Every structure is written in C-alpha cells, then in structure tokens.
Amino acid sequence: MSVVFRESTERGLLSSVDVGLLAVRDRACLRLLYRAGVATADQLATLIFPSRRTALRRLRRLWQLGLLERAPLAPERGGIPVAYRITRRGSKRLGYVDTRTGGVSRVRHTLDIVDAVCALVRSAPGSVQLWLTEPMTDGILPADIRPDSIVVLQRDGGSAVVCLEIDEATEHSPMIRARLGAYERALAGREGWHLVW
C-alpha cells in the first residue's frame, strides 16, 4: 500500500481566500485535520459534517481552494476511500506550523486513532466532551507516557478520561508490558482515568 497526497490542479489562488469567511464547519474541519493529521470523509462526517454527502462536497471545495490535499487509500471493501490532510500552504495561510509526518504506517495509525474516536462518538452521541490528539497530550501524564489520544466522556452516570493506545502490531511484548506498567503507575490515584489499548 502506498499513500501519495496530491493537491488540486484546479485550485484557486490561495492568497485570495479569506479563511475567516469559510463556513464554521469548514474551519472546524481544517482545525481537526491540523490536530489529528489525517482523516477520511466518513470520519469527518461523524465528527463534523451532518452527512457523508456534505462532507464529500465540502472537502472537495477545500481541496479545490488548495487548503487540503488528498490521497486514495487501499479499499477494504467496495469503493476507494480517500484520506485528507491540510496542505503546507494551507497550514501557513491558517497561521499553523506545519507538523506533518509522512509514511504509510503513520497514516494508517492516525486513521485508526480517528476511527477509535469516531466509534466513541457514534456509540453515545454527545458523550465525547474533549479529544486531545497525541501532540496535545504532552505534559498531561508523566514524561514516559504519551497516549495516542485522550478522550473525555460524560454520560448521565458519570464521566471518564480514556487514554487511547492504538497498536499496529509493530511493538513486541516486552515493550508492551513496559508501557502497560508505566500506565499503571501513571494512572494510579487518578479516579475515572482508563486505558484502552
């Protein structure tokens, strides 16, 4: 599998776009893609847009404006999914520092993290109160612990903080055991904090 992101060849002049005049959901989409790194239209329909059709239409427009780039992914079943991420020029235009990292395994890992958050959103609409992506988790737990994401959930029965660790089968059991031990120490005494691996 390879992932090659491409900008639109039909894009308008990015310098003429006033990003402050974009729709609220479009700006939310750009912020989420900056923080998460990459997402599919289906994931963005769960997290931001009211439907998949609206997500596809709005993502195409942002792509045409040169704010997003896209790459086809290997199909899992029927159809070819497309991953989106913010362009370097788009990051600069929005006042962000470009922090993108490449590689097929990184893209797949990021999409799996976003899938986990989408599953939480779909399972209990309105319960996800906060989602911190990996770069945003720095300093929340001890230095040897950096979850892939931290999600705060609120339901009628109470609240919880969930640390997500997505395993891509790239780590060996001694490393996993060491990380589980580090999490056990870090989460001891933090009532309502949980680890989902």
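Our structure is the block above this text.
Residues numbered from 1 in each chain as written. Predicted model: local features only at pLDDT ≥ 70, side-chain atom pairs only at ≥ 80, totals over all residues. Heavy atoms only, no water.

## Some thoughts on the overall build of the chain
Scanning the chain from N- to C-terminus turns up six helices and seven strands. The secondary structure elements of the chain, listed N-terminal to C-terminal, are α-β-α-α-β-β-α-α-β-β-β-α-β. The burial tally for the chain puts 40% of its 197 residues in the buried class. As presented, the chain carries roughly 11100 Å² of accessible surface, and 52% of it is formed by carbon and sulfur atoms. Positive and negative side-chain charges of the chain, numbering 29 and 21 respectively, have mean locations separated by a distance of 9 Å. (Helix = DSSP H or I, 4+ residues; strand = E, 2+ residues; numbered from the N terminus. Buried < 20%, exposed > 50% of the residue type's maximum accessible area, 1.4 Å probe, protein only. Areas by Shrake-Rupley, 256 points an atom, 1.4 Å probe, with all protein chains shown as cover. Lys, Arg positive; Asp, Glu negative; His and termini not counted. Charge placed at Lys NZ, Arg CZ, Asp CG, Glu CD.)

## Some details on the packing of aromatic side chains
Each pair of aromatic rings is reported with the distance of its centres and the angle of its planes. Scanning the model with the defined rule gives one aromatic pair in all. Ring geometry for Y34 and Y96: centres 4.0 Å apart, planes at 10°, overall stacked. Residue Y34 is found in helix α1 (residues 24-36), and its partner Y96 is found in the loop between α4 (88-93) and α5 (104-123); the two are separated by 62 residues along the sequence. In this structure Y34 comes out as partly exposed when scored by relative accessible area, which is 22%. (Phe/Tyr/Trp six-rings, centres within 6.5 Å; stacked < 30°, edge-to-face > 60°.)

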